[in-house]
Every structure is written in structure tokens, then in C-alpha cells.
Amino acid sequence: MQTRVDAIPLNPAATPPAAAEERPQFTVLGAISFSHLLNDMIQSLILAIYPLLKSGFDLSFAQVGLITLTYQVTASLLQPLVGMATDRRPMPYSLAAGMGFTLGGLLLLATAPNFPVLLLAAALVGTGSSIFHPESSRVARMASGGRPGLAQSVFVVGGNLGASLGPLLAAWIIVPHGRESVAWFALAPLLAIAVLLQVGHWYARHHATRGKSRARRAPVRELSPGMVWASLLLLGVLIFSKYFYIASISSYYTFYLMHTFHVSVQNAQVHLFVFLASVAAGVLIGGPLGDRVGRKWVILGSILGVAPFTLLLPHANLFWTGVLSVVIGLVLASAFTTIIVYAQELVPGRIGMISGVFYGLAFGMGGLGAAVLGKLADLEGIAHVYQLCAYLPLIGACALLLPDIERPRRS
């Protein structure tokens, strides 16, 4: 039976259970991906308006760093706790509630009279993110129709697109009109709340029948608790290698191009945009590929397989630097959603906690990597950063130690 993708309703009661599970429910996936776009766009606005905050409140760099720390702590460390809580007791409307925290933080950011209130605003936005990610990842899996890699890719790519929009919107709207114009972006979380309330209705009704989707999942091999913990630790090491390298490009690629090839700021920004676009494409490719050929091999090929290109990058001319950056973005980005789904398969009864741990770990490693590599660039130069980071993907060889936990689908 053929089911029209655009006809799948958020209310599963309108669709027979067999049909609802026959294919991924793209209406639901599109809703959480769009909400992810809005959520991460708001988060990226905070980073983009740092110059305005620094000058407007006469902040030191240490105080700017404290804003980042406050946001990262709430956005990273709270995610596993939220996931654990929702594993025990599903909270379908927590997604909309989390976006309410983000809305409050955004309005407070626009009107904050002093530095402590700025910190509170950053904490509220971070808390909203912590509530949003674990439960959205759970919804993606519930709506996957037996293709969790595809579902996670659709969800994650929305966040990637949103993060890339934040700096552009800050440059076009906030910088010309001042910090108070941040309040205009309150429309984004309000829209997200409206969408997520509908997702919450679907989640509440679908939760009772979600176990039926297991019939379409690939069989998972039983592992000892020790093997599960060892595998999760290996996945954490792989997240470290991936996000430290990603941080070297997302944070310092423009500086590297200007220093090494003496290009203009605009030219360097175009190269960065092309890299970020390749990352988004890699996210969309990696999840479905893992569904088809097996997640362990996608993880191995993505992280270790990118090593030849990262090793060549510091020695390439401008043209080949651009080409290599596209290949690196495509290949390296394909790993993340596959790692998330692999970890969820390792601990299938703790979807929220596992999602919170790995989304929080990815965010935290990205922030830590940017700070560490920035210090290294100050001490040794930006070129040294790329020469050193080129070896990080070799850590991907650890993926060989991961157990084969599933038989890949061939349909």
C-alpha cells in the first residue's frame, strides 16, 4: 500500500497502526526539524551578538567567557538529566515547555539591565535547549518508521541550518538596530511552541503504540553490561575527535584562509559557508546510509576515512583547500546521527538519557575545542592548529573495536 508522505497526519488515530508504521512520518519529522532550526537559530544569536554585549555592558573577555560557560553548562550538562526524567515518565508537552524557557531567555537578553541578568538570560536559553534535544530525538525515533538513521538526520539538519542563520540575522537586523531588536525574534520561539504543541498531541497518542514499531527494526545483538559501557566510552572518544576537528574549521577556518592565502574576509566567509553546507549534506547522507549498510561501518568510514583529507589540508593551495574542506565536511558530518542511533540501540530502554548525553557531549566538546584551539592558535599560530588537528581523525580507528549489534536492512 502506498502512503502519501504529505498526507500523514500528526494524529495517528486517523491512520491505521500498520500504515502509520509503514513509512517514516515526515510530517512529524518535518515539525521537529523546523523547531530544531528555530531553537538553534536562537542559540546562535547569543554568540553572534557578543560584540554588542561586550561594548554595551563594558565587559571583559573573562565576562564574555562566563556567558558562554553559563550557556554551555545549562545546555550540555542538563540534557542527560532531562533524558533520564523523561525515560521514567514521558512528558509529551515538555518540548513546548522547553521552548518557553528559550522565549523567556530571549526577551530577557533584549532587556537585561546588567551583567547578572545577562547570565540568567543565557541560562534560560541553555535550559530550553537541554529540554528540547533529548525529547525531540525520542520523537524522531518514534516517527522513524523503522529508519532511525534517516529520522535523526532530518532532525539534526534542521539544527545545522538554524545555527548558520543566526549570524546572518544578527548582521542584518540586530547590529543595525541594537540589542533591543533581539525581542523581535520572540516570534521564532512562539512559532516553535505552536508547532511543538501539535507534536506533543501526536506524542501523547502515539506513545501507547510505539512498541509496535520494533517489528521493523533490525535485530539487535545482546551485549554484556561491560561491553555496553565500553562501547559507549568508545563512542565518546569518537565524538571528541570529530567535534574537536569540526571546531577547528567552524571557529578558525576564516582566520586560517586569511592568514595563509591572504584572502578577503568576504572570500573567507564564502569558503566557510560552503563548508557548512557540506556538513548539512553529510548529516542527511550519513543517517540513511547507516540504516542500509550498518552503523559501525558508517562511523568507521566517516571518522577514520576522512583522515587522508585532513592530513592533506594544511599542505594544499587555496583551490584544493576549498575542495578538501567540502569532502571533509561531507564525510565527517555523516558520523553524528549514526553515532546517536548506534548508542540508542546499545541502550534501547534509555532513549532520552542516551540522546541527552551525546547531544550534550557534542555541544560541550565543540565549545571546549574552540577554547583549547584558540589558546593554541595564540601560542603557536593558526597554521599549527590545522597541522595538529589533521591527526585527530586517526582516532576513528577505535571504531573497529565497536561490536556489530545489528544486521543492516537491505530494502
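Residues numbered from 1 in each chain as written. Predicted model: local features only at pLDDT ≥ 70, side-chain atom pairs only at ≥ 80, totals over all residues. Heavy atoms only, no water.

Trainee: When you look at the side chain of R179 in this model, what are you seeing that I'm missing?
Mentor: Of note, R179 is situated in the loop between α7 (148–177) and α8 (187–206). E180 provides the closest opposite charge to the buried, unpaired R179, separated from it by 4.7 Å. One polar contact links the side chain of R179 to the main-chain carbonyl oxygen of A110, over a distance of 3.4 Å. Looking at R179, its side chain comes within polar contact range of the main-chain oxygen of A112, at 3.1 Å. In this structure, R179 is in contact with L52, L53, F57, L109, A110, T111, A112 and I174, ignoring residues within four places of it in sequence. (Helix = DSSP H or I, 4+ residues; strand = E, 2+ residues; numbered from the N terminus. Buried < 20%, exposed > 50% of the residue type's maximum accessible area, 1.4 Å probe, protein only. Lys, Arg positive; Asp, Glu negative; His and termini not counted. Salt bridge = Lys/Arg side-chain N within 4 Å of Asp/Glu carboxyl O. Polar contact = N/O pair within 3.5 Å; in protein donor to acceptor, adjacent residues only side chain to side chain. Contact = heavy atoms within 4.5 Å.)

Trainee: Even after reading the chapter, I still don't get the environment of F26, so can you show me in this structure?
Mentor: Relative to the helices and strands, F26 resides in helix α2 (residues 26–48). Owing to a relative accessible area of 31%, F26 belongs among the partly exposed residues under this scheme. Along the chain, F26 and G145 lie 119 residues apart, while their C-alpha atoms are 9.6 Å from each other.

Trainee: What am I meant to see in the nonpolar core here?
Mentor: Proteins that are soluble and globular tend to have nonpolar side chains buried together. Of all hydrophobic cores here, the largest spans 117 residues; its most connected members are I67 and L235. At 15 residues, the largest contribution of residues to this core is made by helix α9 (residues 225–261). Residues within four places of I67 in sequence aside, it is in contact with I46, Y50, L53, L59, F115, L118, L119 and A122. (Core = buried A, V, L, I, M, F, W, Y, C linked by side-chain atoms within 4.5 Å.)

Trainee: It is not clear to me how helix α11 (residues 295–303) should be interpreted in this structure. Could you clarify?
Mentor: Every α-helical turn comprises 3.6 residues, leaving residues that sit three or four positions apart pointing alike. The element α11 is largely enclosed, with a buried count of seven among its nine residues. Listing the buried residues of α11 in full gives R295, K296, V298, I299, L300, S302 and I303. Buried residues along α11 sit against α7, α9, α10 (265–293), α12 (307–312), α13 (318–333) and α14 (335–346).

Trainee: Before we go on, may I ask you to explain the packing of α7 against α10 in this structure?
Mentor: For any two helices packed against each other, one specifies the crossing angle of their axes together with the interaxial distance. Closest axis-to-axis distance for the α7/α10 pair is 7 Å, and the angle between their directions is 170°. When the axis of α7 is compared with that of α10, the two are roughly antiparallel. Here P148, G149, L150, S153, V154, V156, V157 and N160 of α7 lie close against α10, whose contacting residues are V279, A280, V283, L284, G286, G287, P288 and D291. Each residue belonging to the contact of α7 with α10 can be placed in one class, and the counts come to ten nonpolar, five polar and one charged. (Axes fitted to C-alpha atoms, helices over the stretch in contact; angles between N-to-C directions. Parallel < 35°, antiparallel > 145°, perpendicular 65-115°, else oblique. Nonpolar A, V, L, I, M, F, W, Y, C, P; charged D, E, K, R; others polar.)

Trainee: Mind showing me how you'd approach the packing of aromatic side chains here?
Mentor: Under the definition given, this model contains nine aromatic pairs. Ring geometry for Y243 and F336: centres 5.7 Å apart, planes at 85°, overall edge-to-face. A residue pair is termed long-range when its members are at least 10 positions apart, and Y243 in helix α9 and F336 in helix α14 qualify at 93 residues. In this structure an aromatic cluster arises from ring pairing among F132, F155, Y243, F336 and Y359. (Phe/Tyr/Trp six-rings, centres within 6.5 Å; stacked < 30°, edge-to-face > 60°.)

Trainee: Can you walk me through the environment of L124 in this structure?
Mentor: One can find L124 in helix α6 (residues 115–142). Separated by 15 residues in sequence, L124 and L109 place their C-alpha atoms 9.8 Å apart. What L124 contacts, discounting residues up to four positions off in sequence, is F101, T102, G104, G105 and L108.

Trainee: Whenever I open this one, the confidence of the model for the chain confuses me. Can you help?
Mentor: In low-pLDDT segments, the atomic positions of the prediction should not be examined closely. Looking at the chain, the pLDDT average stands at 82 and 89% of residues meet or exceed 70. Across the chain, α12 holds the top mean pLDDT of 95, while helix α1 (residues 17–22) sits lowest at 46. Note on residues 1–20: pLDDT under 50 across the span, and 29 contacts to partners over four residues away in sequence or across chains. Contacts from residues 211–218, a stretch scored under 50 in pLDDT, to residues over four places away or in other chains number twelve contacts. (pLDDT = per-residue confidence, 0-100.)

Trainee: Explain unusual backbone geometry here, please?
Mentor: When glycine is set aside, most residues are seen to have a negative phi, and most peptide bonds are trans. Of note, the phi angle at D58 is positive, near 50°, even though the residue is not glycine. If you trace the backbone, D58 turns up in the loop between α3 (50–56) and α4 (61–88). Here D58 falls in the exposed class, since its relative accessible area comes to 67%.

Trainee: Where do I start with the pattern of salt bridges in this structure?
Mentor: Pairing between side chains of opposite charge can happen when their charged atoms approach one another. Inspection of the entire model under this criterion finds five salt bridges. When the shortest N-O distance is used, the salt bridge between R138 and E135 registers 2.6 Å. Taken together, the positions of R138 and E135, both in helix α6 and three residues apart, correspond to about one turn of that helix. Side by side, R138 and E135 carry an identical accessibility label, which is buried. Between R295 and D291 there is a salt bridge, and its shortest N-O distance comes to 2.8 Å. Counted as one network, the salt bridges with shared partners bring together D87, E135 and R138.

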